[in-house]
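# Commentary on secondary and tertiary structure
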Amino acid sequence: MALYVWMPQPVPDLSVAELRIVKAVGDTGSVTAAATALGYSQPAVSQQIRRLETRLGMAVVERVGRRMRLTEAGRILARHATSITTALGAVAGELADLGGGRIGTVRLVGFPSASPTILPRLMRRLAASDPGLSLTYVEAEPPEAVAAVRADRADIALTFSHPGDGTDAHGDSIRGLDARRIGAEDLLLVLPDGHARSTEDVVDLRALADDDWIAGCPRCRSHLLDSCERAGFAPRIRFETDNVAAVEQLVAQGVGVATLPRLAVASFPLVAGVITRPLASRDRRELHAVSARGAAGVPAVATVLSHLAAAVGDMTAPGPEVPAAK
């Protein structure tokens, strides 16, 4: 009787760079676009792919029309790329801690009003306590920021959501990722100086049912519609803009009223002829830090998450409302 012994096939060597390249090609549909996203030259990316395919003995990308797409083998590699690079980052971070300090680079993506408010305080904290840790930063609205984390173009996404809204940025988009609430900021009513409600300490949204309104970004506009619906009316929206300065100038000229998050109001001095007032509903939007699952185990990422929460707390604590500038 013959005896057959099964021997496992050797696992091919894989590099982090190759995994990131395969994932980038899958995300962008192009070798050239993948090279641009990763900061490589197009020939270097093509060469890496050819070498990988030679070692594997199978194709990882294929051309379909004008686009490149991943084969089944490529999809397997791309599916595991983020978790593998995160795990390797955790190993590197722990070794760095063992060697006597946190080092490395953490990639942060955040919404625009966080840039002049939260980001400077975060960087000051890091410079004081962890000078060996570098931070890169890119502005993006929540959906794009979450997508950057999922595609391994960012380590942390600073996002916001309006709990209870139908367009919450933290629905299916964060499936498989870690999302932690790190704070909340009030929404403030923005009124022209001299408005009938400008002398009230707190304003009920229902008192503004007959006013014209200025709406913000798509998520902010959706939240305004939901809030007004709960208050029993549909707002008459005259203008829509995600430019905070434009919102304030329009309010100052009496075109309409608006709501703005506290961070947006704090981004620059309030324009002349405008005041802010709290809403009776104490309406707030929540702030979140979104990262790849397990990324918080990387010491450098954990350090930035801790300082980020503290910086958010610094900027979102309720304070006296701003009177009109003279």
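Thresholds applied
Residues numbered from 1 in each chain as written. Predicted model: local features only at pLDDT ≥ 70, side-chain atom pairs only at ≥ 80, totals over all residues. Heavy atoms only, no water. Phe/Tyr/Trp six-rings, centres within 6.5 Å; stacked < 30°, edge-to-face > 60°. Helix = DSSP H or I, 4+ residues; strand = E, 2+ residues; numbered from the N terminus. Lys NZ or Arg CZ within 6 Å of the ring centre and 35° of its normal. Salt bridge = Lys/Arg side-chain N within 4 Å of Asp/Glu carboxyl O. Buried < 20%, exposed > 50% of the residue type's maximum accessible area, 1.4 Å probe, protein only. pLDDT = per-residue confidence, 0-100. Contact = heavy atoms within 4.5 Å.

## Observations regarding the packing of aromatic side chains
- Within this structure, the stated rule accounts for one aromatic pair.
- Pairing Phe111 with Phe160 gives two aromatic rings, centres 5.3 Å apart and planes at 85°, and the pair type is edge-to-face. Taken together, the residues Phe111 in the loop between β3 (104-110) and α5 (118-129) and Phe160 in strand β5 (residues 156-161) connect sequence positions 49 residues apart.
- When the ring centre of Phe111 is taken as reference, the NZ or CZ atom of Arg285 above it lies at 5.1 Å.
- For the cation-ring pair, Arg285 lies above Phe160, with the distance from its terminal atom to the ring centre recorded as 3.9 Å.

## Description of the pattern of salt bridges
- Under the definition given, this model contains 19 salt bridges.
- Arg236 is the salt-bridge partner of Asp212, the closest N and O atoms lying 2.5 Å from each other. Taken together, the residues Asp212 in strand β7 (residues 212-215) and Arg236 in strand β8 (residues 236-240) connect sequence positions 24 residues apart.
- Judged by its relative accessible area of 44%, Arg236 is partly exposed.
- Linked through salt bridges whose partners overlap, the residues forming this network are Arg20, Arg107, Asp152 and Asp155.

## Notes on the confidence of the model for the protein chain
- On average, the protein chain scores 84 in pLDDT, and the residues at 70 or more come to 85%.
- Here residues 320-326 is modelled with pLDDT under 50, and outside its nearest four sequence neighbours on either side it reaches 22 contacts, counting other chains as well.

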